[in-house]
Amino acid sequence: SQKIEQNSEALNIQEGKTATLTCNYTNYSPAYLQWYRQDPGRGPVFLLLIRENEKEKRKERLKVTFDTTLKQSLFHITASQPADSATYLCALTSSNTGKLIFGQGTTLQVKP
Amino acid sequence: NAGVTQTPKFQVLKTGQSMTLQCAQDMNHEYMSWYRQDPGMGLRLIHYSVGAGITDQGEVPNGYNVSRSTTEDFPLRLLSAAPSQTSVYFCASSYGVHSGRDSPLHFGNGTRLTVT
């Protein structure tokens, strides 16, 4: 069956370190993969989109990689800050259906 | 720009009652959609629309109706609420008619619905 998996356990890191979040998928052939940030009581906010033919995308302190062989995307936040604490969702567009499918999200806690 | 506006923020219903969740966007987006978010399940697509007068089903459409009479509005109707519909509902829109391609989704801040 088709699955998108993000680590359900919260990730706790110290301020200033690099946070790395993982998104694995099975039985999809995604054309695009996106990352969103969600704060408690709020809707998700778009961060980055990466296409299947792109290996890496950067935006300020954020970096996303996309490995279609490993079927995995990594989301990095460098020089993390307590304000980066949130839940991060990955989402992929299936090239078969064209629909956007979300993972469950990973909660990041950055301690000062 | 208000973006995507959802009302109400909170709602409690009894089993069998009906209600409409409102969603409006002021970005002239063609694509609009409804998701529900449950613990451990991620966001699941209920219904979507690629333009006024056009709607289609998503992953979990049963128990919900939608219509799209204008570009701006996309209400979600629960005809006979059930406890299984207790969830947080998000409306989202995007510029392109294919969500997730070059057009990221813009989300509202959700409606928290409890059905007793």
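A brief report on the enclosed structure follows.

About the cut-offs
- Residues numbered from 1 in each chain as written.
- Chains lettered and ligands numbered in written order.
- Predicted model: local features only at pLDDT ≥ 70, side-chain atom pairs only at ≥ 80, totals over all residues.
- Heavy atoms only, no water.
- Helix = DSSP H or I, 4+ residues; strand = E, 2+ residues; numbered from the N terminus.
- Rg over C-alpha atoms; globule rule 2.2 N^0.38 Å.
- Buried < 20%, exposed > 50% of the residue type's maximum accessible area, 1.4 Å probe, protein only.
- Areas by Shrake-Rupley, 256 points an atom, 1.4 Å probe, with all protein chains shown as cover.
- Disulfide = S-S within 2.5 Å.
- Contact = heavy atoms within 4.5 Å.
- Buried area = accessible area lost by both parts, 1.4 Å probe.
- Salt bridge = Lys/Arg side-chain N within 4 Å of Asp/Glu carboxyl O.
- Nonpolar A, V, L, I, M, F, W, Y, C, P; charged D, E, K, R; others polar.

**Overview of the overall build of chain A**
Here comes step 1: Scanning chain A from N- to C-terminus turns up zero helices and 11 strands.
Here comes step 2: Seen in sequence order, chain A has helices and strands lined up from the N terminus as β-β-β-β-β-β-β-β-β-β-β.
Here comes step 3: Computed over the C-alpha atoms, the radius of gyration of chain A is 13 Å, within 12% of the 13 Å expected from 2.2 N^0.38 for a compact globule of 112 residues.
Here comes step 4: For chain A, the spread of C-alpha atoms along the three principal axes comes to 45 × 30 × 20 Å.
Here comes step 5: A buried classification covers 45% of the 112 residues belonging to chain A.
Here comes step 6: When the accessible surface of chain A is summed, it comes to about 5600 Å², and 46% of that surface belongs to carbon and sulfur atoms.

**Some details on the state of the cysteines**
Residues and elements named next belong to chain A.
Here comes step 1: For the structure shown, the criterion picks out two disulfides over all chains.
Here comes step 2: The disulfide partner of Cys-23 is Cys-90, and the S-S distance across this bridge is 2.0 Å. Measuring the twist about the S-S bond at about 60 degrees, one finds the Cys-23-Cys-90 disulfide to be right-handed. With a gap of 67 residues between them, Cys-23 in strand β3 (residues 19-26) and Cys-90 in strand β9 (residues 86-94) connect regions that are remote in the sequence.
Here comes step 3: Taking the relative accessible area as the measure of exposure, Cys-23 reaches 0% and is therefore buried.

**Some thoughts on the interface of chain B and chain A**
Here comes step 1: On the side of chain A, 19 residues touch chain B, which itself brings 19 residues to the contact.
Here comes step 2: Of the roughly 1600 Å² buried where chain B meets chain A, counting both sides, 53% is carbon and sulfur surface.
Here comes step 3: Inspection of the region where chain B meets chain A yields zero salt bridges.
Here comes step 4: Looking at the side of chain B that touches chain A, the elements that each hand over two or more residues are β4 (31-38) and β5 (42-51) of chain B.
Here comes step 5: Tallied by class, residues from the side of chain B that touches chain A come to nine nonpolar, eight polar and two charged.

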